[in-house]
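Structural characterization, general
Take a look at the letters that make up each chain.
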Amino acid sequence: MSARSRALPPALAALAAALVSLPAQARADEPFALSGGLMLSLSFGQQLAFGLGADLRLAAVLEGGDTVPRTMGFGPFAQATWLNFSAGRFAVGIHGGGELSERYAGDQYSLDGELGWTYRTRIGDQLPGQHGLHVGVMSTLESPVGLELSARAVIPLSDEPFTPEGTVGMGLRLLPPFGMRARPIDGRPLRSAEGVVLPPALALGPAAARPARLDRATRSALAGAWLDSARGECGSIPAFLALARDLAAVGAPVSLVARALAALGDEVRHTARCSAIASALAGWRLQPALLPPPPARDPDRRAALVRMALEAWHDGCLGEGAAAARARRSLVGASDAGVRAALFEIARDEAQHAELGWRVLAYCLTEGGRAVREAVGDAMTGPAPAPPGDEAEIEGERKEMEAFGALQRAQADAAWEQTWAAARREGERVLAAA
Ligand SMILES: [Fe+2]
Ligand SMILES: [Fe+2]
């Protein structure tokens, strides 16, 4: 390492340390997004130089919704690049852009422009240090690791030599520049302090595979989809146990506590139904592991009412409402008897669970006063959470997929849109009444 190269590492190390300490999860409903990247680049114009760089950027996020067509954002950025292991380039400025992908698409693409000031330390004896105007554009793809491609240019502001420089780069990005999308909600999820938990699946031994006519790819896609459903249903069991406990703790009417416990019983049946279908398709006895409920963690009654109101909205009114709508749509094409029985039961029960969500919400609004009203109002007027089934469309022979209850992605999205629009209207009414 030459003497000159030691000038850069403190800045590069500071950026790298900031990157490492980025939070592992960012939520889409947060108004600010922090994002960092590590990149390799090639500069040309004044001197061909290989670069190793780090970038950190903050963005005020405008969420895609009714008024903003797509998620957009702007804010400051800082970059440091080590050129040919001997010189440094620093840039600071503002960036702004947005997501190009649809709000509900699985992958997140974004385009981000940069404008700022840059300084390069001297390279060898021929090129003195120079500052200039920095312009750039960066494109990222989040799927699921963030990849970025960038093109940047420097227009010199100091004298000699007046030769613009260009840089192309590629790298990895930690957290997308305009925030991470909300995780999809499917039915009532099990929430811990760290986020949504999906119970693991257990394979308990061989089972008879049926029916025989399915091809291998379709069979495994369907088995995987039904096993995922079983895991989601199984997560709802401790979620309802926690709801019953927390309702009792805030002094809710016994009828509400009893309904939460009855819903728990429904989820036990849903888990068994979905596991049985997955096992028959896989030819292997599959079953999710039952997890304990999350510990009670609200500091006081008011905080409990706010949390329960928000969960009633997201997980009950929306999540279970959408689960019911999806099951109803799946029933149209389903012909397998076991699948039809399961979908019928799920459609009926999830609609009741969504209705229980509305009751819990109404109770929390009555008891929790302004704090609950404001939190729920923000959630209802904020951006739509991502629909369930955020993963890619499951592949398989279309007719068979429908016969076994798998919904086309467009159908699942339509069920979600329908639930979201209806819940929002009903939510406005409930809020006004409160
Ligand atoms: Fe369920
Ligand atoms: Fe449910």
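The sections below set out a description of the structure shown in this document. Keep in mind that this is a model prediction, so the values were computed, not measured.

Criteria and cut-off values
Residues numbered from 1 in each chain as written. Chains lettered and ligands numbered in written order. Predicted model: local features only at pLDDT ≥ 70, side-chain atom pairs only at ≥ 80, totals over all residues. Heavy atoms only, no water. Helix = DSSP H or I, 4+ residues; strand = E, 2+ residues; numbered from the N terminus. Buried < 20%, exposed > 50% of the residue type's maximum accessible area, 1.4 Å probe, protein only. Contact = heavy atoms within 4.5 Å. Areas by Shrake-Rupley, 256 points an atom, 1.4 Å probe, with all protein chains shown as cover. Pairing = 2+ DSSP bridges. Donors = N, O, S within 2.8 Å, 3.2 Å for Na, K, Ca; no water.

**Regarding the overall build of the chain**
Along its length, the chain carries 7 helices and 12 strands. Taking all 434 residues of the chain together, 49% fall into the buried category. Excluding contacts between residues fewer than 6 apart, the proportion of contacts in the chain whose partners are at least 24 apart in sequence is 71%. Approximately 20,100 Å² of the chain is accessible, and the part contributed by carbon and sulfur atoms is 63%.

**Focus on the pairing of strand β8 (residues 165-174)**
Pairing geometry for strand β1 (residues 32-44) and β8, over 9 bridges, is antiparallel. Counterpart to Met39 in the pairing with β8 is Gly171. Note that strand β7 (residues 146-156) and β8 share 9 bridges and pair antiparallel. Residue pairing across strands places Ser150 opposite Gly169, the latter belonging to β8.

**Observations regarding the coordination of the iron ion (ligand 2)**
Taken together, the protein donors to the iron ion (ligand 2) comprise Glu267 (OE), Glu320 (OE), Glu350 (OE), Glu350 (OE) and His353 (ND1), at separations of 2.0 to 2.7 Å. Along the chain, the residues that donate to the iron ion (ligand 2) are spaced as E-x52-E-x29-E-x2-H. The metal-metal distance between the iron ion (ligand 2) and the iron ion (ligand 1) is 3.4 Å, with Glu267 serving as a donor to both. Taken together, the positions of Glu267 in helix α3 (residues 254-282) and Glu320 in helix α4 (residues 301-333) put the pair 53 residues apart, joining distant regions of the chain. Here the two residues Glu267 and Glu320 agree in accessibility, since each one is buried.

**A few points about the coordination of the iron ion (ligand 1)**
Looking at the iron ion (ligand 1), the protein donor atoms are Glu233 (OE), Glu267 (OE), His270 (ND1) and Glu350 (OE), and they sit 1.8 to 2.3 Å from it. Read N to C, the donor residues that coordinate the iron ion (ligand 1) are spaced as E-x33-E-x2-H-x79-E. Among the residues examined, Glu267 registers a relative accessible area of 0% and is labelled buried.

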